[in-house]
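# Survey of secondary and tertiary structure
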Amino acid sequence: RDSIFKTKIRMKIGILTYHWVANFGANLQTLSTVCYLKKNGFIPIVINWIPLDCELKYQSSTPVEQLDAHASFSETYFETTRVCRTNNEILDIIEEYEIDAIIIGSDSLFNIMKPSFNWIKFKKNVPTTDHVFPNPYWGDFYEKHNIPIAGLSISNQNSDFFKFKNQKNEIKKCLMNFSHLSVRDDWTQKMIGYMTDDLILPSITPDPVFSFNCNFPPLISRQEICRKYSLPDKYILLSFSGGIRSSVSEHWLKSFKKMANAQQISCVSLPRTFGGQIMHLDIDLSLPISPIDWYYIIKYSQGYVGVLMHPIIVAIHNNIPFFSFDHYGVSKFLFFANKATSKIYHILSQAGMLSNYYNLRSCSCFPTPDYVFDCIMNFDHSLCADFASAQAEKCLLNYSSIIKSFYEKR
């Protein structure tokens, strides 16, 4: 394989990430990477590693029709291998498909966890295979097949990595095998430095969805998406999980809706893959929703208000006003969160847009409906456009660095 990068015209590049899960953002970041590789003359092959326990977890929490929507998306846009469950099966895939190099990422692939007890739900949480070290996201198959591997904007946020100091040498050994390693945030950068004794200080690079429009051609028009989902010309999306930590009151919603309607803007609820808070707005979208439709529903909106990271990334990438209700972060003092470990906080602090942010596990006052609505209506489009443009450029440069590292790795 020493000379393969010189002699092979179209390199086959495997992608190992959360391409299959019932998660809109995970699907879209995979598509962005696939499209970048195709545009630049490579053959992307998505390695279909699906841990059985992780698959069963999604099956138990997601409606069957929504699972089918994600499966259909994957079949439409990716070339995937047969399903593999173990490291040995991944090694077989590498040989069978003649894969020349592997991109691991993007997403929260280094998010390792230990068993814990949820005092709110009063049950023990046991991490699935993808959250236990070692696993293929750490390239633990490398010792048996030294194919070049690179990490693409990987994150470990929501992971208290100091709890794994007894495995530091093993983790360091895996990390040293990467030909190139980039991370999505400074918390993960800190983890890599700690685990490798500062031998690796990875660059902080954006999620691939920040370059989605650069890699994926426009597919669905505003008219098509509005007709398909019976959406009006002007609408603001709201999305909350429900429960103690990520919901808003009925009174809050009524007040927000009244202000929006006064401006001839409808309020539309955007469900999460497992449902979410029932809000009884002007329009309540229902599952199933295709990941590609989900992207364009946000892209053509007048604003997004709610939880999760990828809706915020899609909004920023398309210069759509937003307000983030963040529920991420490593816990401290049982309930409150360390904001420094939140991936949304990291992005918005970089962008200088923390006025459009509230952490749901904060002790500060809950944002009023009029404050949030004002953030949407008086959104700084210029600031957002500049940041989005810079992020897209960083994404493309990161891809180039990864490809270069593959050619240099002999």
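You'll find the structure just up there.
Residues numbered from 1 in each chain as written. Predicted model: local features only at pLDDT ≥ 70, side-chain atom pairs only at ≥ 80, totals over all residues. Heavy atoms only, no water.

### Regarding the sheet that holds strand 11 (residues 283–284)
The parallel open sheet is built from 6 strands, whose spatial order is 11-10-9-12-13-16. Of all the strands in the sheet, the pair left with one neighbour each is strand 11 and strand 16 (357–359). Two elements, strand 9 (residues 235–239) and strand 10 (residues 266–269), share 4 bridges in a ladder whose sense is parallel. Its bridge partner lying in strand 10, Leu237 is registered against Val268. Helix-sheet contacts for helix 14 (residues 369–377) involve strand 9, strand 12 (303–306) and strand 13 (322–326), and the interaxial angle to strand 13 is about 135 degrees. (Pairing = 2+ DSSP bridges. Helix = DSSP H or I, 4+ residues; strand = E, 2+ residues; numbered from the N terminus. Contact = heavy atoms within 4.5 Å. Axes fitted to C-alpha atoms, helices over the stretch in contact; angles between N-to-C directions.)

### What about the pairing of strand 7 (residues 180–183)?
Burial of strand 7 is two-sided: the residues His180 and Ser182 facing one way and the residues Leu181 and Val183 facing the other way are all buried. Note on the crossover from strand 6 (residues 149–154) through helix 6 (residues 168–175) to strand 7: the handedness is right-handed. As defined by bridge partners, strand 7 adjoins strand 8 (residues 203–204) across 2 bridges and the pair is classed as parallel. Looking across to strand 8, one finds that Ser182 is bridged to Ser203. (Buried < 20%, exposed > 50% of the residue type's maximum accessible area, 1.4 Å probe, protein only. Right-handed = clockwise from strand over helix to strand, strands pointing away.)

### Considerations on empty space enclosed by the protein
What the rule picks out here adds up to 1 cavity of 30 Å³ or more. Approximately 70 Å³ is the volume found for the largest cavity. At the level of elements, helix 13 (343–351) and helix 15 (381–408) are the ones that each hand at least two residues to the lining of the largest cavity. Per element, the largest residue contribution to the lining of the largest cavity is 3 residues, and it comes from helix 13. Each residue belonging to the lining of the largest cavity can be placed in one class, and the counts come to 4 nonpolar, 4 polar and 3 charged. (1 Å grid on protein atoms, 1.4 Å probe; cavity = no way out; pocket = protein on both sides within 12 Å on 5 of 7 lines; lining within 4 Å. Points joined across faces, edges and corners; volume = space filled by probe spheres on them. Nonpolar A, V, L, I, M, F, W, Y, C, P; charged D, E, K, R; others polar.)

### Some points on the packing of helix 2 (residues 24–39) against helix 15
It is the contact of helix 2 with helix 15, at a shortest axis distance of 12 Å, that shows an interaxial angle of 65 degrees. Where helix 2 crosses over helix 15, the handedness of that crossing is right-handed. Note on element contacts: helix 15 touches helix 2 through Leu396, Tyr399, Ser400 and Ile403, opposite Ser32, Thr33, Tyr36 and Leu37. Grouping the amino acids of the contact of helix 2 with helix 15 by side-chain chemistry returns 5 nonpolar, 3 polar and no charged. (Left-handed = near helix turned anticlockwise from the far one by under 90°.)

### What about the environment of Lys343?
Of note, Lys343 is situated in helix 13. Lys343 gets classed as buried once you look at its relative accessible area, which sits at 13%. Separated by 186 residues in the primary sequence, Lys343 and Gln157 place their C-alpha atoms 6.4 Å from one another.

### Concerning the pattern of salt bridges
Within the structure shown, the criterion is met by 8 salt bridges. Glu55 is the salt-bridge partner of Arg85, the closest N and O atoms lying 3.0 Å from each other. Placement of the pair is Arg85 in the loop between helix 4 (64–77) and helix 5 (87–96) and Glu55 in helix 3 (residues 52–61), with a sequence separation of 30 residues. With its nearest N and O atoms 3.3 Å apart, the salt bridge here joins Lys257 to Asp282. Of this pair, Lys257 sits in helix 10 (residues 250–262) while Asp282 sits in the loop between strand 10 and strand 11, and the two are 25 residues apart along the sequence. You can call Lys257 partly exposed: its relative accessible area is 24%. Salt bridges here are not isolated pairs; linked through shared partners, they connect Lys168, Lys172 and Asp197. (Salt bridge = Lys/Arg side-chain N within 4 Å of Asp/Glu carboxyl O.)

### Comments concerning the layout of surface pockets
Its volume calculated, the second largest pocket comes out at about 310 Å³. Contributing to the lining of the second largest pocket are 15 residues, with Trp20, Ile50, Glu55, Leu67 and Ala71 lying nearest its centre. Those elements that provide at least two residues to the lining of the second largest pocket are helix 3 and helix 4. Broken down by element, the residue count for the lining of the second largest pocket peaks at 5 residues, all from helix 4.

### Quick look at the nonpolar core
Nonpolar side chains in soluble globular proteins tend to end up buried together. Counting 66 residues, the largest nonpolar core has Ile297 and Ile316 as the members making the most contacts within it. Element by element, the count of residues in this core is highest for helix 15, at 8 residues. Excluding its chain neighbours within four sequence positions, the residues that come into contact with Ile316 are Phe210, Phe322, Ile347, Leu348, Cys384, Phe387 and Ala388. Core analysis: the second largest hydrophobic core is formed by 43 residues, Cys84, Leu91, Phe133 and Trp138 among them. (Core = buried A, V, L, I, M, F, W, Y, C linked by side-chain atoms within 4.5 Å.)

### Considerations on the side chain of His70
As for its placement among the helices and strands, His70 is situated in helix 4. Beyond its immediate chain neighbours, meaning those up to four positions away, His70 contacts Trp20, Val21, Ala22, Asn23, Phe24, Asn27, Thr273 and Pro291.

### Quick notes on the environment of Gly193
If you trace the backbone, Gly193 turns up in helix 7 (residues 186–195). Looking at Gly193, the relative accessible area reads 5%, which means it is buried. Put simply, Gly193 and Lys172 are 21 residues apart on the chain and 9.5 Å apart in space, counted from C-alpha to C-alpha. Once residues lying within four places of it in the same chain are set aside, the contact partners of Gly193 are Asp198 and Ile200.

### Examining helix 7
Given 3.6 residues per turn, any residue in an α-helix points the same way as the ones three and four places further on. Along helix 7, the residues classified as buried are Trp187, Thr188, Met191, Ile192, Gly193 and Met195. With a side-chain oxygen positioned 3.2 Å from the backbone nitrogen of Trp187, the residue opening helix 7 is Asp185. Positive phi shows up at Asp197, right after helix 7, with a value of about 55 degrees. (Polar contact = N/O pair within 3.5 Å; in protein donor to acceptor, adjacent residues only side chain to side chain.)

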